Amino acid sequence: MIIQRIFHVNDMECSACAMRLEGLEDILPGVTQIKASYHRQRLEIIFDDTVLSEEQFRQAVESLGYHAQAQ
C-alpha cells in the first residue's frame, strides 16, 4: 500500500543535506517520492510499505548521518 510519512530531521542544516536525503529516492526500493526541507527540518516520503518498511527507511537516513523522528 502506498503511504505518506513525515519526519522531523533536526540535524539537516543546509540544502546539501536536503539533496543528500532526497537521493535516497533513487536507491531505496518502493519509494515514490522524497521531499526534504532544511528550513523546516522536515522530510516527507511517499512509499510502498509492502516493499519498504518505515524502520528500513529510518535506518537508511541514519546511514547518512541523520536522525529522523516521525511527526
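Details of the structure are given in the entry above.
Scoring rules and cut-offs
Residues numbered from 1 in each chain as written. Predicted model: local features only at pLDDT ≥ 70, side-chain atom pairs only at ≥ 80, totals over all residues. Heavy atoms only, no water. Helix = DSSP H or I, 4+ residues; strand = E, 2+ residues; numbered from the N terminus. Buried < 20%, exposed > 50% of the residue type's maximum accessible area, 1.4 Å probe, protein only. Polar contact = N/O pair within 3.5 Å; in protein donor to acceptor, adjacent residues only side chain to side chain. Contact = heavy atoms within 4.5 Å. Pairing = 2+ DSSP bridges. Axes fitted to C-alpha atoms, helices over the stretch in contact; angles between N-to-C directions.

Visitor: Go over the side chain of Glu 44, please, and point to the residues and values.
Guide: Here Glu 44 lies in strand S3 (residues 42-48). Judged by its relative accessible area of 16%, Glu 44 is buried. Among the polar contacts made by the side chain of Glu 44, one reaches the side chain of Gln 4 at a distance of 2.9 Å. With residues near it in sequence (within four places) discarded, Glu 44 still touches Gln 4, Arg 5, Ile 6, Gln 33, Ile 34 and Lys 35.

Visitor: I'd like to hear about the sheet that holds strand S4 (residues 69-70), residue by residue, with values.
Guide: What the 4 strands build is an open sheet, ordered S2-S3-S1-S4; its pairing is antiparallel. If you trace the sheet from one side to the other, it starts and ends with strand S2 (31-37) and S4, each paired once. By the bridge criterion, 2 bridges tie strand S1 (residues 2-8) to S4 in an arrangement that is antiparallel. The residue bridging His 8 from the neighbouring strand is Gln 69, located in S4. On top of the sheet, helix H1 (residues 15-22) reaches S2 and S3; it is set at about 170° to S2, its chief contact.

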